[in-house]
Amino acid sequence: MSKLKEIEKEILEIEEELAHQKTYLKPGHESQDLKDRLKILEKERQFIIDIKEPLWEKILWNIVTPIIVAVVITIITNKWLI
């Protein structure tokens, strides 16, 4: 959990620095290194979050829920149209 907090803290610091650069420099002159580092940190953060999410939750939200929603919408639409 501490690794996630460290990454989030560093992301906030980089975002603040980029906002500072946008304010005081010409648009488009932000540091590309900071942007690249921000992308890497966001990917690391998402990876850590994905690892912690249980498999049954992923299956439920990505497979079962859309099927249930589609069936319910189909039933409501068929009853409404007929």
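Bear in mind the structure is a predicted one, so any value in this text is a computation, not a measurement.

### Quick look at the overall build of the chain
Reasoning step 1: Scanning the chain from terminus to terminus reveals three helices and zero strands.
Reasoning step 2: In the chain, the succession of α and β elements from N to C terminus is α-α-α.
Reasoning step 3: Over its C-alpha atoms the chain spans a radius of gyration of 21 Å, topping by over 25% the 12 Å that the globule rule assigns to 82 residues.
Reasoning step 4: Structurally, the chain occupies a C-alpha span of about 60 × 35 × 15 Å along its principal axes.

### Some points on helix α3 (residues 55-81)
Reasoning step 1: Its 27 residues give α3 an end-to-end C-alpha distance of 38 Å, which sits within 8% of 39 Å, the value for a rise of 1.5 Å per residue.
Reasoning step 2: Helix geometry: α3 is bent most strongly at V64, by close to 35°, with proline P66 lying one to four residues after it.

### Some thoughts on the nonpolar core
Reasoning step 1: L4, I7, I11, I14, L18, L34, L38, L41 and I48 together form the largest nonpolar core, which totals nine residues.
Reasoning step 2: Here this core takes five residues from helix α1 (residues 2-24), the largest share from any one element.

Criteria and cut-off values
- Residues numbered from 1 in each chain as written.
- Predicted model: local features only at pLDDT ≥ 70, side-chain atom pairs only at ≥ 80, totals over all residues.
- Heavy atoms only, no water.
- Helix = DSSP H or I, 4+ residues; strand = E, 2+ residues; numbered from the N terminus.
- Rg over C-alpha atoms; globule rule 2.2 N^0.38 Å.
- Expected span 1.5 Å × (residues − 1).
- Bend = angle between axes of the 7 residues up to and from the residue.
- Core = buried A, V, L, I, M, F, W, Y, C linked by side-chain atoms within 4.5 Å.
- Buried < 20%, exposed > 50% of the residue type's maximum accessible area, 1.4 Å probe, protein only.

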